[in-house]
Amino acid sequence: MIDNFAGKTAVLTGAGSGFGLECARIGARLGMNLVLVDVQQDALDAAAAEMQAAGAQVLARKVDVSSTPQMEQLAVDVAQRFGAPHLVFNNAGVGAGGLVWENSVKDWEWVLGVNLMGVVHGVRLFTPMMLEAARKDPQWRGHIVNTASMAGLLAPPNMGIYNVSKHAVVSLSETLYQDLSLVTDQVGASVLCPYFVATGINESQRNRPDGLAGDQPTQSQLIGQAMINKAVSAGKVTAAEVAQKVFDAVAANQFYIYSHPKAIGAVQTRMEDILQARNPTDPFADKPALGAQLRAALRAD
Ligand SMILES: NC(=O)c1ccc[n+]([C@@H]2O[C@H](COP(=O)([O-])OP(=O)(O)OC[C@H]3O[C@@H](n4cnc5c(N)ncnc54)[C@H](O)[C@@H]3O)[C@@H](O)[C@H]2O)c1
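Bear in mind the structure is a predicted one, so any value in this text is a computation, not a measurement.

(A) A look at the sheet that holds strand β7 (residues 256-258). Across the sheet, which stays open at both edges, the seven strands sit in the order β3-β2-β1-β4-β5-β6-β7 with parallel pairing between neighbours. Edge positions in the sheet fall to β3 (58-62) and β7, since each has one partner strand and no second. Across the sheet, the mean angle from the axis of one strand to that of its neighbour is 15°, orientation sign disregarded. Two strands pair when backbone bridges link them, and strand β6 (residues 187-193) and β7 are joined in this way by three bridges, in the parallel orientation. Opposite cysteine 193, over in β7, you have tyrosine 258 as the bridge partner. Contacting β5 (142-147), β6 and β7, helix α5 (residues 160-183) runs over the sheet at an angle of about 160° to β6.

(B) Examining the packing of aromatic side chains more closely. The final tally for this structure, using the stated rule, is five aromatic pairs. Measuring from centroid to centroid gives 5.3 Å for tyrosine 177 and phenylalanine 255, while their planes differ by 70°, and the two rings are edge-to-face. On the criterion of sequence distance, the pair formed by tyrosine 177 in helix α5 and phenylalanine 255 in the loop between α7 (239-252) and β7 is long-range, its members being 78 residues apart. You can call tyrosine 177 partly exposed: its relative accessible area is 34%. Judged by relative accessible area, phenylalanine 255 falls into the buried class, the value being 11%. Members of the aromatic cluster, joined through ring pairs, are Tyr177, Phe255, Tyr256 and Tyr258.

Rules used in this analysis
Residues numbered from 1 in each chain as written. Predicted model: local features only at pLDDT ≥ 70, side-chain atom pairs only at ≥ 80, totals over all residues. Heavy atoms only, no water. Pairing = 2+ DSSP bridges. Helix = DSSP H or I, 4+ residues; strand = E, 2+ residues; numbered from the N terminus. Axes fitted to C-alpha atoms, helices over the stretch in contact; angles between N-to-C directions. Contact = heavy atoms within 4.5 Å. Phe/Tyr/Trp six-rings, centres within 6.5 Å; stacked < 30°, edge-to-face > 60°. Buried < 20%, exposed > 50% of the residue type's maximum accessible area, 1.4 Å probe, protein only.

All we've got here are geometric facts, nothing functional implied.
Below you can see the structure in the form of C-alpha coordinates.
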(Lines give C-alpha, C1' and ligand atoms only; values in the text may rest on other atoms or scores of the structure.)
Protein backbone atom coordinates (compact mmCIF):
# COMPACT_ATOMS: atom_id res chain seq x y z
CA MET A 1 0.00 0.00 0.00
CA ILE A 2 1.33 3.43 -0.97
CA ASP A 3 -0.80 6.41 0.05
CA ASN A 4 1.36 9.30 -1.13
CA PHE A 5 3.09 8.78 -4.46
CA ALA A 6 4.91 12.16 -4.68
CA GLY A 7 8.68 11.82 -4.67
CA LYS A 8 8.46 8.00 -4.77
CA THR A 9 10.03 5.91 -7.53
CA ALA A 10 8.17 3.68 -9.99
CA VAL A 11 9.75 1.09 -12.29
CA LEU A 12 7.43 0.46 -15.24
CA THR A 13 8.15 -2.20 -17.85
CA GLY A 14 6.44 -1.93 -21.21
CA ALA A 15 6.34 1.83 -20.57
CA GLY A 16 6.33 2.74 -24.26
CA SER A 17 2.72 1.80 -24.95
CA GLY A 18 -0.63 0.74 -23.50
CA PHE A 19 -0.96 0.21 -19.74
CA GLY A 20 2.70 0.94 -19.04
CA LEU A 21 2.56 4.30 -20.81
CA GLU A 22 -0.70 5.27 -19.08
CA CYS A 23 0.73 4.35 -15.68
CA ALA A 24 3.78 6.48 -16.47
CA ARG A 25 1.45 9.41 -17.23
CA ILE A 26 -0.32 9.01 -13.90
CA GLY A 27 3.00 8.60 -12.08
CA ALA A 28 4.29 11.82 -13.67
CA ARG A 29 1.12 13.67 -12.64
CA LEU A 30 1.55 12.42 -9.08
CA GLY A 31 5.17 13.64 -8.94
CA MET A 32 6.89 10.25 -9.03
CA ASN A 33 10.40 9.51 -10.27
CA LEU A 34 9.99 7.19 -13.24
CA VAL A 35 12.10 4.32 -14.51
CA LEU A 36 10.77 3.66 -17.99
CA VAL A 37 11.65 0.29 -19.49
CA ASP A 38 10.82 -0.93 -22.97
CA VAL A 39 12.39 -2.90 -25.78
CA GLN A 40 11.11 -0.54 -28.50
CA GLN A 41 13.50 2.41 -28.65
CA ASP A 42 11.30 4.99 -30.44
CA ALA A 43 8.34 4.36 -28.13
CA LEU A 44 10.64 4.56 -25.12
CA ASP A 45 12.17 7.84 -26.31
CA ALA A 46 8.73 9.37 -26.86
CA ALA A 47 7.55 8.27 -23.42
CA ALA A 48 10.71 9.60 -21.75
CA ALA A 49 10.38 12.98 -23.50
CA GLU A 50 6.72 13.26 -22.53
CA MET A 51 7.31 12.41 -18.87
CA GLN A 52 10.29 14.77 -18.63
CA ALA A 53 8.19 17.55 -20.14
CA ALA A 54 5.58 16.77 -17.47
CA GLY A 55 8.25 17.43 -14.84
CA ALA A 56 9.21 13.88 -13.84
CA GLN A 57 12.73 12.69 -13.07
CA VAL A 58 13.18 9.95 -15.67
CA LEU A 59 15.56 7.05 -16.11
CA ALA A 60 14.80 5.41 -19.47
CA ARG A 61 16.34 2.05 -20.31
CA LYS A 62 16.02 -0.05 -23.45
CA VAL A 63 15.81 -3.49 -21.89
CA ASP A 64 14.42 -6.82 -23.01
CA VAL A 65 12.71 -7.99 -19.81
CA SER A 66 13.37 -11.64 -20.71
CA SER A 67 17.14 -11.04 -20.62
CA THR A 68 18.86 -11.93 -17.34
CA PRO A 69 21.92 -9.68 -17.83
CA GLN A 70 19.87 -6.72 -19.09
CA MET A 71 17.47 -6.93 -16.14
CA GLU A 72 20.35 -7.30 -13.69
CA GLN A 73 21.98 -4.18 -15.13
CA LEU A 74 18.64 -2.37 -14.88
CA ALA A 75 18.41 -3.16 -11.17
CA VAL A 76 21.92 -1.78 -10.64
CA ASP A 77 21.05 1.39 -12.56
CA VAL A 78 17.82 1.91 -10.59
CA ALA A 79 19.61 1.44 -7.27
CA GLN A 80 22.28 3.95 -8.28
CA ARG A 81 19.90 6.60 -9.57
CA PHE A 82 16.92 6.42 -7.21
CA GLY A 83 17.55 3.68 -4.63
CA ALA A 84 14.91 1.02 -3.95
CA PRO A 85 11.78 1.54 -6.07
CA HIS A 86 8.50 1.97 -4.21
CA LEU A 87 6.28 0.78 -7.07
CA VAL A 88 7.33 -1.95 -9.50
CA PHE A 89 4.98 -2.61 -12.41
CA ASN A 90 6.09 -5.84 -14.11
CA ASN A 91 3.88 -5.27 -17.10
CA ALA A 92 5.69 -5.83 -20.41
CA GLY A 93 3.99 -8.61 -22.31
CA VAL A 94 3.31 -10.04 -25.75
CA GLY A 95 0.45 -11.99 -27.27
CA ALA A 96 0.48 -15.02 -29.55
CA GLY A 97 -2.28 -17.41 -30.49
CA GLY A 98 -3.23 -20.50 -32.42
CA LEU A 99 -3.93 -24.12 -31.52
CA VAL A 100 -1.64 -25.05 -28.67
CA TRP A 101 0.17 -27.88 -30.46
CA GLU A 102 1.03 -25.64 -33.41
CA ASN A 103 3.24 -23.20 -31.50
CA SER A 104 6.93 -23.60 -32.23
CA VAL A 105 9.64 -23.81 -29.57
CA LYS A 106 10.59 -20.26 -30.52
CA ASP A 107 7.01 -19.13 -29.91
CA TRP A 108 7.17 -20.67 -26.42
CA GLU A 109 10.58 -19.17 -25.69
CA TRP A 110 9.47 -15.72 -26.79
CA VAL A 111 6.12 -15.58 -24.98
CA LEU A 112 7.25 -17.30 -21.78
CA GLY A 113 10.49 -15.26 -21.88
CA VAL A 114 8.68 -11.92 -21.91
CA ASN A 115 5.43 -12.65 -20.08
CA LEU A 116 6.77 -14.96 -17.38
CA MET A 117 10.55 -14.55 -17.07
CA GLY A 118 10.19 -10.75 -17.38
CA VAL A 119 8.00 -10.80 -14.27
CA VAL A 120 10.27 -13.33 -12.55
CA HIS A 121 13.25 -11.02 -13.06
CA GLY A 122 11.35 -7.99 -11.79
CA VAL A 123 10.31 -9.89 -8.67
CA ARG A 124 13.64 -11.52 -7.92
CA LEU A 125 15.68 -8.35 -8.48
CA PHE A 126 13.52 -5.61 -6.96
CA THR A 127 11.85 -7.37 -4.01
CA PRO A 128 15.12 -7.75 -2.03
CA MET A 129 15.91 -4.05 -2.60
CA MET A 130 12.43 -3.12 -1.36
CA LEU A 131 12.66 -5.37 1.71
CA GLU A 132 16.00 -3.87 2.62
CA ALA A 133 14.60 -0.34 2.37
CA ALA A 134 11.63 -1.44 4.49
CA ARG A 135 13.91 -2.93 7.16
CA LYS A 136 15.88 0.32 7.42
CA ASP A 137 12.79 2.53 7.72
CA PRO A 138 9.54 1.45 9.39
CA GLN A 139 7.68 4.17 7.45
CA TRP A 140 8.87 2.87 4.05
CA ARG A 141 6.13 1.36 1.87
CA GLY A 142 6.39 -0.48 -1.43
CA HIS A 143 4.17 -2.38 -3.83
CA ILE A 144 4.68 -4.76 -6.76
CA VAL A 145 2.06 -5.08 -9.49
CA ASN A 146 2.38 -7.89 -12.02
CA THR A 147 0.35 -7.82 -15.23
CA ALA A 148 -1.38 -11.11 -15.96
CA SER A 149 -4.72 -11.19 -17.81
CA MET A 150 -8.18 -12.70 -17.58
CA ALA A 151 -6.39 -15.38 -19.64
CA GLY A 152 -4.53 -16.14 -16.40
CA LEU A 153 -7.82 -17.09 -14.74
CA LEU A 154 -9.48 -18.80 -17.70
CA ALA A 155 -8.41 -21.07 -20.56
CA PRO A 156 -9.83 -19.43 -23.69
CA PRO A 157 -9.29 -21.68 -26.72
CA ASN A 158 -6.86 -21.01 -29.57
CA MET A 159 -4.50 -18.94 -27.40
CA GLY A 160 -2.92 -21.55 -25.15
CA ILE A 161 0.60 -20.20 -25.15
CA TYR A 162 -0.64 -16.87 -23.78
CA ASN A 163 -2.92 -18.59 -21.26
CA VAL A 164 -0.03 -20.68 -19.91
CA SER A 165 2.19 -17.61 -19.47
CA LYS A 166 -0.55 -15.65 -17.69
CA HIS A 167 -1.65 -18.51 -15.40
CA ALA A 168 1.97 -18.66 -14.32
CA VAL A 169 1.96 -14.92 -13.58
CA VAL A 170 -1.21 -15.26 -11.47
CA SER A 171 0.39 -18.12 -9.51
CA LEU A 172 3.64 -16.20 -9.07
CA SER A 173 1.74 -13.13 -7.89
CA GLU A 174 -0.51 -14.97 -5.43
CA THR A 175 2.55 -16.69 -3.99
CA LEU A 176 4.43 -13.38 -3.86
CA TYR A 177 1.54 -11.89 -1.88
CA GLN A 178 1.63 -14.76 0.59
CA ASP A 179 5.42 -14.85 0.86
CA LEU A 180 5.62 -11.08 1.41
CA SER A 181 3.03 -11.27 4.16
CA LEU A 182 5.22 -13.84 5.95
CA VAL A 183 8.11 -11.40 6.20
CA THR A 184 6.77 -7.82 6.11
CA ASP A 185 3.75 -5.53 6.43
CA GLN A 186 5.46 -2.82 4.39
CA VAL A 187 5.60 -4.29 0.88
CA GLY A 188 2.45 -5.45 -0.91
CA ALA A 189 1.59 -7.15 -4.19
CA SER A 190 -1.20 -7.08 -6.76
CA VAL A 191 -2.01 -8.80 -10.01
CA LEU A 192 -3.62 -6.96 -12.92
CA CYS A 193 -6.04 -9.12 -14.92
CA PRO A 194 -7.40 -7.11 -17.84
CA TYR A 195 -9.95 -8.29 -20.36
CA PHE A 196 -9.70 -6.89 -23.93
CA VAL A 197 -8.49 -3.28 -24.02
CA ALA A 198 -7.33 -1.34 -27.08
CA THR A 199 -3.52 -1.10 -26.85
CA GLY A 200 -0.69 -2.34 -29.07
CA ILE A 201 -1.00 -5.91 -27.71
CA ASN A 202 -2.47 -7.28 -30.95
CA GLU A 203 0.65 -6.07 -32.77
CA SER A 204 3.10 -7.76 -30.43
CA GLN A 205 5.06 -9.30 -33.30
CA ARG A 206 6.54 -5.82 -33.90
CA ASN A 207 8.96 -6.37 -31.04
CA ARG A 208 9.75 -10.04 -31.55
CA PRO A 209 13.54 -10.52 -31.61
CA ASP A 210 15.10 -11.81 -34.83
CA GLY A 211 16.66 -14.73 -32.98
CA LEU A 212 13.16 -15.96 -32.05
CA ALA A 213 11.49 -15.09 -35.37
CA GLY A 214 8.23 -16.90 -36.03
CA ASP A 215 7.53 -19.40 -38.78
CA GLN A 216 4.91 -18.78 -41.44
CA PRO A 217 1.65 -18.48 -39.42
CA THR A 218 -0.66 -21.49 -39.47
CA GLN A 219 -4.36 -21.24 -40.26
CA SER A 220 -5.29 -21.27 -36.56
CA GLN A 221 -2.72 -18.55 -35.84
CA LEU A 222 -4.16 -16.34 -38.59
CA ILE A 223 -7.66 -16.91 -37.20
CA GLY A 224 -6.42 -16.18 -33.68
CA GLN A 225 -4.82 -12.93 -34.86
CA ALA A 226 -8.04 -11.81 -36.59
CA MET A 227 -10.09 -12.62 -33.47
CA ILE A 228 -7.73 -10.74 -31.18
CA ASN A 229 -7.69 -7.72 -33.52
CA LYS A 230 -11.47 -7.62 -33.39
CA ALA A 231 -11.78 -8.17 -29.63
CA VAL A 232 -9.13 -5.60 -28.73
CA SER A 233 -10.45 -2.91 -31.07
CA ALA A 234 -14.00 -3.43 -29.77
CA GLY A 235 -12.86 -2.87 -26.17
CA LYS A 236 -14.69 0.04 -24.53
CA VAL A 237 -12.60 0.37 -21.38
CA THR A 238 -9.52 2.50 -22.09
CA ALA A 239 -5.91 1.79 -21.12
CA ALA A 240 -5.95 5.05 -19.12
CA GLU A 241 -8.90 3.79 -17.06
CA VAL A 242 -7.09 0.53 -16.37
CA ALA A 243 -3.96 2.44 -15.31
CA GLN A 244 -6.05 4.46 -12.84
CA LYS A 245 -7.36 1.18 -11.41
CA VAL A 246 -3.76 0.08 -10.89
CA PHE A 247 -2.95 3.16 -8.83
CA ASP A 248 -6.22 2.91 -6.89
CA ALA A 249 -5.43 -0.72 -6.07
CA VAL A 250 -1.91 0.13 -4.92
CA ALA A 251 -3.30 2.86 -2.66
CA ALA A 252 -5.93 0.47 -1.27
CA ASN A 253 -3.68 -2.60 -1.03
CA GLN A 254 -6.11 -4.49 -3.25
CA PHE A 255 -4.68 -7.68 -4.75
CA TYR A 256 -6.84 -8.59 -7.76
CA ILE A 257 -7.29 -5.76 -10.27
CA TYR A 258 -9.94 -6.27 -12.97
CA SER A 259 -10.61 -4.05 -15.96
CA HIS A 260 -14.00 -5.67 -16.61
CA PRO A 261 -15.47 -6.96 -13.33
CA LYS A 262 -18.40 -8.53 -15.22
CA ALA A 263 -16.02 -10.89 -17.03
CA ILE A 264 -15.38 -12.61 -13.71
CA GLY A 265 -18.52 -14.74 -14.20
CA ALA A 266 -16.53 -16.96 -16.55
CA VAL A 267 -14.00 -17.57 -13.76
CA GLN A 268 -16.81 -18.70 -11.49
CA THR A 269 -17.93 -21.18 -14.17
CA ARG A 270 -14.37 -22.51 -14.47
CA MET A 271 -14.09 -22.86 -10.69
CA GLU A 272 -17.39 -24.75 -10.59
CA ASP A 273 -16.07 -27.07 -13.32
CA ILE A 274 -13.03 -27.76 -11.16
CA LEU A 275 -14.95 -28.18 -7.90
CA GLN A 276 -17.53 -30.50 -9.43
CA ALA A 277 -14.96 -32.37 -11.57
CA ARG A 278 -17.16 -31.39 -14.49
CA ASN A 279 -15.65 -31.22 -17.98
CA PRO A 280 -14.65 -27.67 -19.00
CA THR A 281 -17.71 -25.61 -19.99
CA ASP A 282 -17.98 -24.49 -23.62
CA PRO A 283 -16.61 -20.92 -23.57
CA PHE A 284 -19.05 -20.04 -26.35
CA ALA A 285 -22.13 -21.32 -24.50
CA ASP A 286 -23.57 -17.80 -24.41
CA LYS A 287 -22.32 -16.90 -27.92
CA PRO A 288 -23.02 -20.11 -29.91
CA ALA A 289 -22.77 -18.40 -33.31
CA LEU A 290 -19.20 -17.32 -32.56
CA GLY A 291 -18.27 -20.84 -31.45
CA ALA A 292 -19.81 -22.36 -34.56
CA GLN A 293 -17.97 -19.87 -36.76
CA LEU A 294 -14.62 -20.66 -35.10
CA ARG A 295 -15.13 -24.43 -35.34
CA ALA A 296 -16.10 -24.14 -39.01
CA ALA A 297 -13.08 -21.98 -39.79
CA LEU A 298 -10.66 -24.34 -38.02
CA ARG A 299 -12.13 -27.44 -39.66
CA ALA A 300 -12.11 -25.92 -43.17
CA ASP A 301 -9.45 -27.26 -45.57
N1 LIG B 1 -4.61 -4.99 -23.99
C2 LIG B 1 -5.23 -6.07 -23.56
O3 LIG B 1 -6.35 -6.38 -24.02
C4 LIG B 1 -4.59 -6.93 -22.50
C5 LIG B 1 -5.41 -7.87 -21.84
C6 LIG B 1 -4.85 -8.65 -20.86
C7 LIG B 1 -3.52 -8.49 -20.51
N8 LIG B 1 -2.74 -7.58 -21.16
C9 LIG B 1 -1.33 -7.45 -20.76
O10 LIG B 1 -1.02 -6.10 -20.48
C11 LIG B 1 0.40 -5.93 -20.58
C12 LIG B 1 0.72 -4.65 -21.32
O13 LIG B 1 0.32 -4.80 -22.66
P14 LIG B 1 -0.50 -3.68 -23.45
O15 LIG B 1 -1.86 -4.21 -23.65
O16 LIG B 1 -0.31 -2.37 -22.83
O17 LIG B 1 0.23 -3.81 -24.88
P18 LIG B 1 1.23 -2.82 -25.67
O19 LIG B 1 1.77 -3.63 -26.79
O20 LIG B 1 0.52 -1.56 -25.98
O21 LIG B 1 2.39 -2.51 -24.61
C22 LIG B 1 3.35 -3.49 -24.25
C23 LIG B 1 4.71 -2.84 -24.22
O24 LIG B 1 5.67 -3.86 -23.85
C25 LIG B 1 6.81 -3.70 -24.65
N26 LIG B 1 7.56 -4.95 -24.75
C27 LIG B 1 7.30 -6.02 -25.55
N28 LIG B 1 8.24 -6.95 -25.39
C29 LIG B 1 9.12 -6.47 -24.48
C30 LIG B 1 10.32 -6.97 -23.94
N31 LIG B 1 10.80 -8.17 -24.28
N32 LIG B 1 10.97 -6.22 -23.02
C33 LIG B 1 10.50 -4.99 -22.69
N34 LIG B 1 9.39 -4.46 -23.19
C35 LIG B 1 8.69 -5.19 -24.07
C36 LIG B 1 6.28 -3.24 -26.00
O37 LIG B 1 7.30 -2.60 -26.76
C38 LIG B 1 5.16 -2.30 -25.59
O39 LIG B 1 5.61 -0.97 -25.48
C40 LIG B 1 0.94 -7.20 -21.23
O41 LIG B 1 1.52 -8.03 -20.24
C42 LIG B 1 -0.31 -7.85 -21.80
O43 LIG B 1 -0.17 -9.25 -21.91
C44 LIG B 1 -3.26 -6.79 -22.15
